[in-house]
Number of protein chains: 2
Amino acid sequence: MRELHHPPRECLELTQVLHALSDPIRLCIVRQLSSEGSLPCGTFCESAPKSTMSHHFKVLRLAGLIRQRNEGTSCYNSLRNSDLDARFPGLLNAILRADDGCE
Amino acid sequence: MRELHHPPRECLELTQVLHALSDPIRLCIVRQLSSEGSLPCGTFCESAPKSTMSHHFKVLRLAGLIRQRNEGTSCYNSLRNSDLDARFPGLLNAILRADDGCE
DNA sequence: TCGATTGTTCGATATATTTAGAACAATGGA
DNA sequence: TCCATTGTTCTAAATATATCGAACAATCGA
C-alpha cells in the first residue's frame, strides 16, 4: 500500500476540520476512536460498503483528524488528539461531549 | 417580509452546526457577530452579491447559529450564544478562539 | 503458491451546495 | 406618491460531495 499523507499539525485548517466532522458517519468514527483508541477500518459501520468507508477515512485523514497506519492487511486508525488540541484548543472535546447520538 | 423560522434550542443538531461553520464566509460572519454584537446583513462581505449572502445567512439561521430580526428595511443578525452554549457547551468558544483568520 | 482477508482506487451516478443574476417585496424618506 | 435602500426568492449553472460496484494491491496463513 502507498505512503499515507498526514498534514502536519500547524497546517490543519478549521473549516476543513469542521467539514470533516459534519458528516454523521465520520463523526461516528471519531467518537468511537476517542473512546476505544486505535481501531482498524473494518470495525466501523460494517453495513456500509468498504469503498464508502475508505472515502470517509481519507477525508478524516486529510483534514488531520486521524492518523492511519498499515499493519499487516489492516489499517489502524487513531485520533490525532494532541495535534488537534494544540491547534484548536478545546474543540475536539466540545464536539465529543455533545450529545448528538452516534447512529 | 415573511416570518423567519428559528429552530428551538433543543432541536439544534451538531452535524448541521458544524456544516454551517465549515464555510469560510459563514465562519467569518459568525466571528464578526461574536465580536460586534448585532449587525444588519449589509455590513458583511460587501463585495459578494446580496443573494449569495442571503443564502449564507439562511444556512446559519436554520442551523440555529444566528437569530434574524427585521427592523425597517434591515435584517439584524445576532449570535445565538446562550442557546449554542446550552446545547453544545464550549463548542462555539473553541471555534471562535481558533486562529484561522477571517478573510 | 493459492486463497482468504483487508482495504484502496477507479469510474459512474446521484445528490447537495455554492454562486449569482433578475425579479420581487417591504420599508422609509422626500 | 415616488424612489432609494435593504434584503428575499426564484432560477439556472457550476462545483463539490456521497455512494457504491468492480477491479486491484498487499499481506498472511495453509
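Residues numbered from 1 in each chain as written. Chains lettered and ligands numbered in written order. Predicted model: local features only at pLDDT ≥ 70, side-chain atom pairs only at ≥ 80, totals over all residues. Heavy atoms only, no water.

*Asks:* How would you sum up the relation of the copies chain A and chain B? Please name residues and give values.
*Replies:* When chain A is fitted to chain B, the best match, at an RMSD of 0.0 Å, comes from turning it 180° and sliding it 0.0 Å along the axis. The operation mapping one copy onto its partner corresponds to a two-fold rotation axis. Residue by residue, 100% of the interface of chain A is reproduced at the interface of chain B, so both copies engage with the same surface. (Least-squares fit on C-alpha atoms with pLDDT ≥ 70 in both. Contact = heavy atoms within 4.5 Å.)

*Asks:* So what about the pattern of salt bridges? Which residues, and what values?
*Replies:* Residue and element names in this part refer to chain A. Under the criterion given, the structure shown has 8 salt bridges over all chains. One salt bridge connects D83 with R80, and the closest N-O pair in it is separated by 3.0 Å. When its relative accessible area of 12% is taken as the criterion, D83 is described as buried. Residue classification places R80 among the buried residues on the basis of a relative accessible area of 4%. A cluster of three or more residues bridged by salt bridges with shared partners is formed by R9, R67, R80 and D83. (Salt bridge = Lys/Arg side-chain N within 4 Å of Asp/Glu carboxyl O. Buried < 20%, exposed > 50% of the residue type's maximum accessible area, 1.4 Å probe, protein only.)

*Asks:* If you had to explain the sheet that holds strand β2 (residues 66-71) of chain A to someone new, which residues and values would you point to?
*Replies:* Residue and element names in this part refer to chain A. An order of β1-β3-β2 is seen for the 3 strands of this open sheet, with the pairing classed as antiparallel. Each edge of the open sheet is held by one strand with a lone partner, namely β1 (39-40) and β2. Across 6 bridges, the pairing between β2 and strand β3 (residues 74-79) is antiparallel. Its bridge partner being in β3, R67 is matched across the sheet by S78. Packed on one face of the sheet, helix α2 (residues 24-36) meets β1, β2 and β3 and runs near 85° to β3. The strands touched by helix α3 (residues 50-63) within the sheet are β2 and β3, with β2 carrying the most contacts at an inclination of about 120°. (Pairing = 2+ DSSP bridges. Helix = DSSP H or I, 4+ residues; strand = E, 2+ residues; numbered from the N terminus. Axes fitted to C-alpha atoms, helices over the stretch in contact; angles between N-to-C directions.)

*Asks:* So what about the interface of chain A and chain B? Which residues, and what values?
*Replies:* Contacts between chain A and chain B engage 23 residues on the former and 23 residues on the latter. Between chain A and chain B lies a buried interface of about 1,600 Å² when both sides are counted; carbon and sulfur atoms form 66% of it. Between the two partners, chain A and chain B, sit 0 salt bridges. The tally of links between chain A and chain B comes to 0 residue pairs in polar contact (both at pLDDT 80 or more). Elements represented by at least two residues in the side of chain A that touches chain B include exactly α1 (14-21), α2 and α5 (91-97) of chain A. A per-element tally of the side of chain A that touches chain B places α1 of chain A first, with 5 residues. A class-by-class count of the residues in the side of chain A that touches chain B yields 12 nonpolar, 4 polar and 7 charged. (Buried area = accessible area lost by both parts, 1.4 Å probe. Polar contact = N/O pair within 3.5 Å; in protein donor to acceptor, adjacent residues only side chain to side chain. Nonpolar A, V, L, I, M, F, W, Y, C, P; charged D, E, K, R; others polar.)

*Asks:* Before we move on, can you summarise the environment of R31 of chain B with the specific residues and values?
*Replies:* Residues and elements named next belong to chain B. With respect to the helices and strands, R31 occurs in helix α2 (residues 24-36). Residue R31 is classed as buried on the basis of its relative accessible area of 13%. A sequence separation of 46 residues divides R31 from N77, and the C-alpha atoms of the two residues are 12 Å apart.

*Asks:* Residue-level account of the environment of L18 of chain A, with values.
*Replies:* All names here are of chain A. With respect to the secondary-structure elements, L18 resides in helix α1. Take L18: its relative accessible area is 0%, and that puts it in the buried class. C-alpha of L18 to C-alpha of E36: the two residues are 18 residues apart in sequence and 22 Å apart in space.

*Asks:* Any details on the packing of α1 of chain A against helix α1 (residues 14-21) of chain B? Residues and values, ideally.
*Replies:* Describing two packed helices takes the angle between their axes plus the distance from one axis to the other. Contact pair α1 of chain A / α1 of chain B: the axes reach a minimum separation of 8 Å and the direction vectors enclose 150°. Taken together, the axes of α1 of chain A and α1 of chain B are roughly antiparallel relative to one another. Once α1 of chain A is placed against α1 of chain B, the crossing between them reads as left-handed. Contacts between α1 of chain A and α1 of chain B pair T15, L18 and L21 of chain A from the former with T15, L18 and L21 of chain B from the latter. Residues of the contact of α1 of chain A with α1 of chain B, tallied by class, amount to 4 nonpolar, 2 polar and no charged. (Parallel < 35°, antiparallel > 145°, perpendicular 65-115°, else oblique. Left-handed = near helix turned anticlockwise from the far one by under 90°.)

*Asks:* Tell me about α2 of chain A, residues and numbers included.
*Replies:* Residue and element names in this part refer to chain A. Compared with an ideal rise of 1.5 Å per residue, which puts 13 residues at 18 Å, α2 spans 18 Å between its outermost C-alpha atoms and is within 8% of the ideal. Among the residues of α2, R26, L27, C28, I29, V30, R31 and L33 are the ones counted as buried. Regarding α2, its N-cap is D23, as a side-chain oxygen of that residue lies 2.9 Å from the backbone nitrogen of I25 further along. (Expected span 1.5 Å × (residues − 1).)

In short, shape yes, function no, at least from these values alone.
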